[in-house]
Amino acid sequence: MTTTQQPQTTLVLGGTGKTGRRVVQRLRALDLPVRVGSRAGRPPFDWEDRETWAPALEGAGAAYVSYYPDVSVPGAVDTVGAFARLAVASGVPRLVLLSGRGEPEAELAEQAVRDSGAALTVVRATWFAQNFSEDYMLDYVLAGEVALPAGDIAEPFIDADDIADVAVAALTDERHVGQVYELTGPRLLTFAQAVAEIARATGRDVRYVPISIEEHAATALAHGVPKEVVELLTYLFSEVLDGRNAHVADGVQRALGRAPKDFTDFALDAAASGVWEVPIASGVPR
């Protein structure tokens, strides 16, 4: 009698987030079993409640590890390392870690996972293009004024779809084990240039306005951005956005054998989706 071995479940932590939900979608499109790791998941997963970790790992064969809000924040090294050790001890050695490019603290978290003995692939990402379309900066774009403390430093914005494609490749193909993929877009843009691309794609007047770190923090809090995310953004804008990442990397090409998506294409696709369309109230555009 011939038996067919069923593929094991992949646990996707942050499975409702910007990259995690894309990883979930791709795995499901491949007809692979997926468990969404979130507080609303079944079973639920909560980084702050370690009692939820083992049930989420049960029966899994691999995990995508996305730590909220970022692996560079205080406490992340200990927490992510502890999860990795439990995963390996639970028979889930294949881990793909979403990390931050140019963040020394994030590299400590990478090493903590590596020290667990996991079959690890590290995905180091630069600034997400989708921060303009799926994050608090969406409100700024809709208002026509993107006020950020980014100066004239250029970044090679990465599309979240490319991150998900690399993560899925790493989760499903053991040839990626041991690799560190730095993921960037194909060219450098300042935030002002990125906003100009969005303006062209939408046909609207959307301007970049430079502000101070303090003004940005206050505005973000006023928009309801969680305090820990504001602290992370302050760290990124004040320390990491200093030119250290002002060069492109070949991670997407190495992992997938193709070029990464350009910011112009991201902006055109996002504009076509309607996400940047300004609501009309009483017949008067706002």
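Calculation rules
- Residues numbered from 1 in each chain as written.
- Predicted model: local features only at pLDDT ≥ 70, side-chain atom pairs only at ≥ 80, totals over all residues.
- Heavy atoms only, no water.
- Helix = DSSP H or I, 4+ residues; strand = E, 2+ residues; numbered from the N terminus.
- Rg over C-alpha atoms; globule rule 2.2 N^0.38 Å.
- Buried < 20%, exposed > 50% of the residue type's maximum accessible area, 1.4 Å probe, protein only.
- Contact = heavy atoms within 4.5 Å.
- Areas by Shrake-Rupley, 256 points an atom, 1.4 Å probe, with all protein chains shown as cover.
- Phe/Tyr/Trp six-rings, centres within 6.5 Å; stacked < 30°, edge-to-face > 60°.
- Pairing = 2+ DSSP bridges.
- Axes fitted to C-alpha atoms, helices over the stretch in contact; angles between N-to-C directions.
- Salt bridge = Lys/Arg side-chain N within 4 Å of Asp/Glu carboxyl O.
- Parallel < 35°, antiparallel > 145°, perpendicular 65-115°, else oblique.
- Left-handed = near helix turned anticlockwise from the far one by under 90°.
- Nonpolar A, V, L, I, M, F, W, Y, C, P; charged D, E, K, R; others polar.
- pLDDT = per-residue confidence, 0-100.
- Right-handed = clockwise from strand over helix to strand, strands pointing away.
- Core = buried A, V, L, I, M, F, W, Y, C linked by side-chain atoms within 4.5 Å.

## As for the overall build of the chain
In terms of helices and strands, the chain carries 11 helices and 12 strands. Compactness check: the chain gives a C-alpha radius of gyration of 19 Å against a globular reference of 19 Å for 286 residues, within 12% of the reference. Overall, the C-alpha framework of the chain stretches about 70 × 40 × 35 Å when taken along its three principal axes. Counting over 286 residues, the chain shows a buried share of 52%. Contacts in the chain between residues at least 24 apart in sequence constitute 78% of all its contacts with a sequence separation of at least 6. On the chain, roughly 13,000 Å² of surface is accessible, and the fraction owed to carbon and sulfur atoms is 51%.

## Details of the packing of aromatic side chains
Taken as a whole and judged by the stated rule, the model has 18 aromatic pairs. Plain terms: the ring middles of Trp-53 and Phe-83 are 5.7 Å apart, the flat faces sit at 75° to each other, and that makes the pair edge-to-face. Taken together, the positions of Trp-53 in helix α2 (residues 53-57) and Phe-83 in helix α3 (residues 76-89) put the pair 30 residues apart, joining distant regions of the chain. The burial state of Trp-53 is the same as that of Phe-83; both residues are buried. Pairwise contacts between aromatic rings join Trp-127, Phe-132, Phe-157, Phe-191, Phe-237, Phe-263, Phe-266 and Trp-276 into one cluster.

## Structural notes on the sheet that holds strand β3 (residues 60-65)
Pairing within the open sheet is parallel, and its 6 strands lie in the order β2-β1-β3-β4-β5-β8. The sheet is open, and its two borders are formed by β2 (34-37) and β8 (180-183), each paired with just one other strand. Pairs of neighbouring strands in the sheet enclose a mean axial angle of 15°, with direction left out of account. By the bridge criterion, 4 bridges tie strand β1 (residues 9-13) to β3 in an arrangement that is parallel. From the neighbouring strand, Val-12 faces β3, where its bridge partner is Tyr-64. Lying on the sheet, helix α6 (residues 160-172) is in contact with β1, β3, β4 (94-100), β5 (119-125) and β8; it crosses β4 at an angle near 155°.

## Focus on the environment of Gly-102
Relative to the helices and strands, Gly-102 is located in the loop between β4 and α4 (104-115). For the pair formed by Gly-102 and Leu-236, sequence separation is 134 residues and the distance between their alpha carbons is 9.7 Å.

## Observations regarding the pattern of salt bridges
The full count for this structure, using the stated rule, is 24 salt bridges. Residue Asp-165 is joined to Arg-26 by a salt bridge in which the shortest nitrogen-to-oxygen separation is 2.5 Å. Of the two residues, Asp-165 is situated in helix α6 and Arg-26 in helix α1 (residues 20-29); the sequence distance between them amounts to 139 residues. Relative accessible area serves as the criterion here: at 23%, Asp-165 is assigned to the partly exposed category. We note a salt bridge from Arg-200 to Glu-197, for which the minimum N-O separation is 3.8 Å.

## Quick look at the packing of α1 against α6
Direction vectors running N to C along α1 and α6 enclose 55°, while the axes themselves pass 9 Å from each other. Judged by the inter-axis angle, α1 sits oblique to α6. Crossing geometry of α1 relative to α6 is assigned as right-handed. Within the contact between the two elements, α1 uses Arg-22, Val-23, Arg-26 and Leu-27 and α6 uses Ala-160, Asp-161, Ala-164, Asp-165, Ala-167, Val-168, Leu-171 and Thr-172. Classifying every residue of the contact of α1 with α6 by side-chain character gives 7 nonpolar, 1 polar and 4 charged.

## Concerning the confidence of the model for the chain
For the chain, the mean per-residue pLDDT works out to 94, and 95% of the residues sit at or above 70. This stretch, residues 282-286, has a pLDDT under 50; its non-local contacts, to residues over four places away or in other chains, come to 4 contacts.

## Quick look at the pairing of β3
Within β3, 6 of the 6 residues are buried, which leaves the element mostly enclosed by the surrounding structure. Here 4 bridges tie β3 to β4, and the two strands are oriented parallel to one another. Within β4, the position partnered with Ala-62 by the bridge is Arg-94. Once you follow β3 into α3 and on to β4, the crossover reads as right-handed.

## Quick notes on the nonpolar core
One finds Phe-83, Phe-132, Phe-191, Phe-263 and Trp-276 to be the most contacted residues of the largest nonpolar core, which totals 66 residues. The dominant element in this core, judged by the number of residues it contributes, is helix α9 (residues 227-240), at 8 residues. What Phe-83 contacts, discounting residues up to four positions off in sequence, is Leu-11, Leu-13, Phe-45, Trp-47, Trp-53, Leu-57 and Val-65.

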